[in-house]
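Structural overview
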Amino acid sequence: MDLTFSEEEIEFRDELRDWLGSNPPGEEPRSDQDAAFAFRKEWQNSLFEGGWAAVHWPREYGGRDASLMQSAIFFEEMGRANAPLPANGLGLILAGPTIIAWGSDQQKDRFLLPILSAEEIWCQGFSEPEAGSDLAAVKTKAVQDGDEWVVTGQKVWTSVAQYSKWCMLVARTDPEAAKHKGLSYFLMDMEQEAVQIRPLVQITGEAEFNELFLEEARIPADNMLGGEGDGWNVALTTLMNERSGLGFFLQTQLRRALDRLVEDAKENGQIDDPVVAQALGEMHVRTETLRLLAYRGLSIIEQHGQPGPEGSLTKWLWSETNQMLSQLAVGIRGAKSLTEGDPWAYDLLRSRGNSIEGGTTEILKNIVAERVLGLPRK
Amino acid sequence: MKFDFTEDQHEIKRTAKDLLAARSTLEKQREAAEAGEYDLALWAELADLGWPGVAVEEAFGGGGLGYVELAGLLEEAGYALLNGPFLSTAICAAAISEAGSDSQKEEWLGRLASGEATGAFGLEGEIVPDGASSDVVVVAAPDGSSARLLTGEGAMPALQTIDPTRRYGIAEGELAEGEEMPGDVAAAIDLATVLVSAELVGVCRRVLDMTVEYVKDRKQFGRPVGSFQAVQHRCAQMLLSTEGARATTYFAAWAADSDRERLPEAASLAKSAASKAGVEVTASAIQAHGGIGFTWEADVHWFFKRAELDAAFLGSSGEHDRRLTALLSS
Ligand SMILES: Cc1cc2nc3c(=O)[nH]c(=O)nc-3n(C[C@H](O)[C@H](O)[C@H](O)COP(=O)(O)OP(=O)(O)OC[C@H]3O[C@@H](n4cnc5c(N)ncnc54)[C@H](O)[C@@H]3O)c2cc1C
């Protein structure tokens, strides 16, 4: 066991710090969603030009061939620099790696570069009204028509659909086959009449996610990712990345939020209250545990080539801790934290979604119990 | 001993529930919240029925019933997520009844009881429901050592909170202004604490009902999600928290009427349980609703927001826990 960074890793980190020093991300506008998105797009462009958009991707596709450890360092440094998530987060973290794992050479050539540059934004069209936790129950159907697929159905909770050029779409291509076997995975062009987007307002008052109505949308056969009937396995690749890839970034965000809260507690004297000190201490333990668990997860990925079900642990711990932290802030900062427009008040509401998005905590616990611990299924 | 409402009290509560189910639907609450307005017609009707003055002495123009009846009404108001100045006016009347001078009582209680005037009550340094939009405001020192009565709208600055179903003000320096109040300020705070706990009980009961209904209906993996043990245990926990808050709040309302010695302890028991339950149960309701629970349209969020504000109002559960330890060890 060696918990120090190697020379190469330190070199990587210093190079990144230098770059961040001369290309600071600036402050994300909080008020207006469109402005925030534009800001994050610009930020991704800046990362792209510096060659930092997707360090974890292979060099041949515009990445840096970063080791898992370097990739972790990258996210930590981004968090430390108070950088926003790049606009095309779903493209960089989900679509890109899924295309790299399953795509044909032609697909890689076509799709990867515009993901990096944020020229083409991606959204994830998995969930449906009747298929949330039970993702394999997807009903949206795709029927082959010559060298195209014709897709009809409805998707829901589709984040950033309003900005997206492409959608990772899971649809049923064989209604006769067993639930998990009749699905295929498509790369769908959002810019067509047959794709209607309706914004859904969430409890924060923003419309981050949307409903998608698909009425005979057309997808060229070449835009199927993996083979016909492979949809479930391809989707799992996407989900594994969702549950682990973000870990380091989210952990550093949490760290920064906790540091800010400690500063507030020092300022208003609450830190001297042993109850507050204990609660902040617990948050520190949780945040460090999260970081160390995430590092441990790296070794597991190194062994198995891809993230394992253990990623569920970090996502579960993160969402719970994030919710606890914003609740704690109400106690420490008082009235301010319940005031409209205060960043902590926003987090108090937004964090409620953390234990639902990307798989609910209940589902993650089921996965841990069944797939990690091997407990019998019902 | 009979730890339940009398037949008359049940009747008051049932009537209130039916009235609010018809007149204060969630649709109406959403409209009012989005427009930032109160349903003043409904408020006038409730005032006509004597709600704000239920516990005010008859001599001052009130209904002369007790805090048990008032708590019952507030529970139903919480259940309906009622907008308007009912809670704030009722707790202001309670505060003036306890802490006011004869002339302050004379001047205000009748008008508050009839709804002719609206009132608010809160602690210095904290968020006060309707604090910036009431005719009369009582602000107390958090330790109960003093209180001031201020008149006129705009007695304190308004504050936009995460709960748009209600208006709020923030008490900043009000203790240096207004009229002194010579009576029992500590009792005034305790009474208000019991009454906001009652509202929280109603909030918990409502989201529990909404959740149970939803998870029976919502199917995933070919069965109702309410058949999964994880969801069942969540709902069971919601019930335990709700019933705990309810039992302690009813005890405290009874103590307010019938055993004043035990009121300080009872008020803290109630608020500790109700604050904790309020936040946990409403957050749990969002979780059990899945993605739907995170939407504006689903209405669960209003209860979470109201619970957050109520939970912080007049002492969090932690603050009341500490007070209880101090009370028990003194
Ligand atoms: C902010 C946010 C952003 C999102 N973005 C996207 C996106 O971009 N693309 C996309 O495709 N989806 C997205 N989602 C959808 C998300 O993945 C689903 O909401 C989630 O998987 C839950 O599905 P559901 O909403 O249908 O809830 P349901 O599955 O109906 O769950 C309801 C309740 O039942 C519980 N439950 C269900 N099954 C079980 C079980 N077997 N055992 C125990 N408990 C169970 C759940 O945990 C939950 O508490 C987003 C969601 C949110 C909140």
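Check the entry above for the structure.
Residues numbered from 1 in each chain as written. Chains lettered and ligands numbered in written order. Predicted model: local features only at pLDDT ≥ 70, side-chain atom pairs only at ≥ 80, totals over all residues. Heavy atoms only, no water.

**Some details on the overall build of chain B**
- Secondary structure assignment for chain B yields 11 helices and nine strands.
- Whereas a compact globule of 330 residues would reach a radius of gyration of roughly 20 Å, chain B reaches 19 Å, a difference of no more than 12%.
- Taking all 330 residues of chain B together, 61% fall into the buried category.
- Long-range contacts, defined as pairs at least 24 residues apart, comprise 71% of the intrachain contacts of chain B with a sequence gap of at least 6.
- Accessible surface, chain B as shown: approximately 12700 Å² in total, 51% of it carbon and sulfur. (Helix = DSSP H or I, 4+ residues; strand = E, 2+ residues; numbered from the N terminus. Rg over C-alpha atoms; globule rule 2.2 N^0.38 Å. Buried < 20%, exposed > 50% of the residue type's maximum accessible area, 1.4 Å probe, protein only. Contact = heavy atoms within 4.5 Å. Areas by Shrake-Rupley, 256 points an atom, 1.4 Å probe, with all protein chains shown as cover.)

**Digging into the site of the ligand**
- Near the ligand, the surroundings consist of 29 residues, among which A:S133, A:W157, A:T360, B:R218 and B:G291 are the closest.
- At a separation of 2.7 Å, a nitrogen atom of the ligand approaches a polar backbone atom of A:Q124.
- In the model, an oxygen atom of the ligand is placed 2.6 Å from a nitrogen or oxygen of the A:S133 side chain.
- Contact with the protein chains removes 94% of the 980 Å² of surface that the ligand exposes when unbound.
- It is helix 11 (residues 361-372) of chain A that provides the largest number of residues to the shell around the ligand, a total of three residues.
- Of the residues in the shell around the ligand, the class split is 12 nonpolar, 13 polar and four charged.
- Looking at the shell around the ligand, you find at least three residues from each of domain 2 (122-228) and domain 3 (243-372) of chain A. (Near = heavy atom within 4 Å. Polar contact = N/O pair within 3.5 Å; in protein donor to acceptor, adjacent residues only side chain to side chain. Nonpolar A, V, L, I, M, F, W, Y, C, P; charged D, E, K, R; others polar. Domains from an automatic or database assignment.)

**Re the sheet that holds strand 5 (residues 158-159) of chain B**
- The three strands are arranged 2-6-5 (chain B) in an open sheet whose pairing can be described as antiparallel. Each edge of the sheet is formed by a strand with only one pairing partner; in this case those strands are strand 2 (127-129) and strand 5 of chain B. (Pairing = 2+ DSSP bridges.)

**Concerning the packing of aromatic side chains**
- Tallied over the entire structure, the rule returns 19 aromatic pairs over all chains.
- Taken together, a centroid distance of 5.7 Å and an interplanar angle of 75 degrees make the contact between A:F12 and A:W52 edge-to-face. Here A:W52 lies in the loop between helix 2 (33-49) and helix 3 (68-80) and A:F12 lies in helix 1 (residues 7-22), a separation of 40 residues in the sequence.
- A:F12 sits in the buried class, given a relative accessible area of 7%.
- You can call A:W52 buried: its relative accessible area is 1%.
- Consider the rings of A:F209 and B:F294, whose centres lie 6.2 Å apart with planes at 75 degrees: the pair is edge-to-face. Of this pair, A:F209 sits in strand 7 (residues 209-220) while B:F294 sits in the loop between helix 9 (263-289) and helix 10 (300-312), on two different chains.
- Look at B:F294 and you get buried, because its relative accessible area is 5%.
- Ring-pair connections join several aromatic residues into one group, and the members of that group are A:F12, A:W19, A:W43, A:W52, A:F74 and A:F75.
- Above the face of the A:W52 ring, A:R64 is positioned so that its terminal group lies 3.5 Å from the ring centre. (Phe/Tyr/Trp six-rings, centres within 6.5 Å; stacked < 30°, edge-to-face > 60°. Lys NZ or Arg CZ within 6 Å of the ring centre and 35° of its normal.)

**A short note on the interface of chain B and chain A**
- Listed by partner, the interface residues are 33 residues for chain B and 36 residues for chain A.
- Of the roughly 2800 Å² buried between chain B and chain A on both sides combined, carbon and sulfur atoms contribute 63%.
- Summed over the shared surface of chain B and chain A, the number is three salt bridges.
- In this structure, the salt-bridge partner of A:R198 is B:E297, at a minimum N-O distance of 3.9 Å.
- For the interface between chain B and chain A, the tally reads 16 residue pairs in polar contact (both at pLDDT 80 or more).
- Contributions of two or more residues to the side of chain B that touches chain A are made by helix 8 (229-258), helix 9 and helix 10 of chain B.
- The element contributing the most residues to the side of chain B that touches chain A is helix 10 of chain B, with six residues. (Buried area = accessible area lost by both parts, 1.4 Å probe. Salt bridge = Lys/Arg side-chain N within 4 Å of Asp/Glu carboxyl O.)

**What about the environment of B:D310?**
Residue and element names in this part refer to chain B.
- Structurally, D310 can be placed in helix 10.
- Judged by relative accessible area, D310 falls into the buried class, the value being 1%.
- Residue contacts for D310: discarding those within four places in its chain leaves R166, V196, E199, L200 and K271.
- Within the local environment of D310, its side chain forms a polar contact with the side chain of R166, the two groups lying 3.5 Å apart.

**Quick word on the side chain of B:E69**
Residue and element names in this part refer to chain B.
- Along the chain, E69 falls in helix 4 (residues 67-79).
- Although E69 is buried, it makes no salt bridge; K2 carries the closest opposite charge, 11 Å away.
- Those residues within four positions of E69 in sequence are excluded, and the remaining contacts are Q9, I12, V54 and D257. (Lys, Arg positive; Asp, Glu negative; His and termini not counted.)

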